[in-house]
Amino acid sequence: MSTDAQLRHVARVGVVTGAFLLGLSPAALKANDGDGGIVPPAQYASLPSNERLDDADVTGSLPDAKTLPGFASLVAHGTITLRDSAPTDCIPGVLREVVASVAEKFGPVSVESTHRSRGRNWRAGGARHSLHLACRAVDFRVQARARGVMAYLRGLPQVGGLKIYRNGIIHIDNGERRSW
């Protein structure tokens, strides 16, 4: 499935999920003859502030409200951009969560590299046993100051390998804890 098709699918799922959370049926999302498109009833919902997401009295039926934005949602909104040559469906969930948390905390992220074939890894100057070969590594750029991003990533237990290259690309993987 191409990246555009994946984004369209994620957007459709997001609209249906959002409608469900607002109490709409999927049938209500279909445009009626002459109505010009989707006309949901006037209902508004707000998520609580980040400080109150763990409070069950505030979140009510949203016990896991922290996961609502997520990687796919940030991709759909353009906060995380993906190169066509960087598949993300094979990346372990913990690494997707790390990239999503970087995007939420520091702003837009561009995923440059994930899975590589042996030939592509060799051409990129990757290590012989690179975790990119097993789709267990992500190289990305972020517009924020790299020093702050690196300090944040060092504090995350999900990040094994961590490196920043001269061109500003940050490498993370879920291997053993190391930097080089």
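Provided above is the structure to which this section pertains.
The rules behind each value
Residues numbered from 1 in each chain as written. Predicted model: local features only at pLDDT ≥ 70, side-chain atom pairs only at ≥ 80, totals over all residues. Heavy atoms only, no water. Helix = DSSP H or I, 4+ residues; strand = E, 2+ residues; numbered from the N terminus. Polar contact = N/O pair within 3.5 Å; in protein donor to acceptor, adjacent residues only side chain to side chain. Contact = heavy atoms within 4.5 Å. Phe/Tyr/Trp six-rings, centres within 6.5 Å; stacked < 30°, edge-to-face > 60°. Lys NZ or Arg CZ within 6 Å of the ring centre and 35° of its normal. Core = buried A, V, L, I, M, F, W, Y, C linked by side-chain atoms within 4.5 Å. Buried < 20%, exposed > 50% of the residue type's maximum accessible area, 1.4 Å probe, protein only. Disulfide = S-S within 2.5 Å. Salt bridge = Lys/Arg side-chain N within 4 Å of Asp/Glu carboxyl O.

Further remarks concern the side chain of Asp173. Here Asp173 shows up in strand S5 (residues 170-173). At 2.9 Å, the side chain of Asp173 and the backbone nitrogen of Gly175 are in polar contact. Here Arg178 takes part through its side chain, which lies 2.7 Å from a polar atom of the side chain of Asp173. Here Asp173 is in contact with Leu95, Leu131, Arg136, Ala137, Gln158, Val159, Gly160, Gly161, Arg178 and Trp180, once residues within four sequence places are set aside.

Turning our eyes to something else, we now look at the packing of aromatic side chains. Across all of its chains, the model carries one aromatic pair by this definition. Across the ring face of Phe106, the terminal group of Lys105 is positioned such that the distance to the ring centre comes to 6.0 Å.

Okay, the nonpolar core next. Counting 26 residues, the largest nonpolar core has Ile80, Val99, Val109, Phe140, Leu153, Ile170 and Ile172 as the members making the most contacts within it. No other element matches helix H4 (residues 93-106), which puts six residues into this core. Dropping the residues within four chain positions of it, Ile170 is found in contact with Val138, Asp139, Phe140, Val142, Val149, Met150, Leu153, Leu162, Lys163 and Ile164.

Note on terminology: disulfide describes a covalent bond linking the sulfur atoms of two cysteines. All chains considered together, the criterion is met by one disulfide. Shown here is the disulfide that connects Cys90 with Cys135, its sulfur atoms set 1.8 Å apart. One quick way to see it: the torsion about the S-S bond of Cys90 and Cys135 is about 60°, and its sign makes the bridge right-handed. Taken together, the residues Cys90 in the loop between strand S1 (80-82) and H4 and Cys135 in the loop between helix H5 (118-123) and strand S3 (137-142) connect sequence positions 45 residues apart. The exposure class of Cys90 is partly exposed, given its relative accessible area of 36%. Taking the relative accessible area as the measure of exposure, Cys135 reaches 2% and is therefore buried.

Here the focus is the pattern of salt bridges. All told, the structure shown has four salt bridges when counted by the stated rule. The partner of Glu112 in a salt bridge is Arg83, and the shortest N-O contact between them spans 3.2 Å. Taken together, the positions of Glu112 in strand S2 (residues 109-113) and Arg83 in the loop between S1 and H4 put the pair 29 residues apart, joining distant regions of the chain. Arg116 is the salt-bridge partner of Asp139, the closest N and O atoms lying 3.0 Å from each other. In this pair, Asp139 sits in strand S3 while Arg116 sits in the loop between S2 and H5, placing the two residues 23 residues apart along the sequence. Neither Asp139 nor Arg116 differs from the other in exposure class; each is buried. Among the charged side chains, a network of salt bridges with common partners joins Arg83, Glu112 and Arg141.

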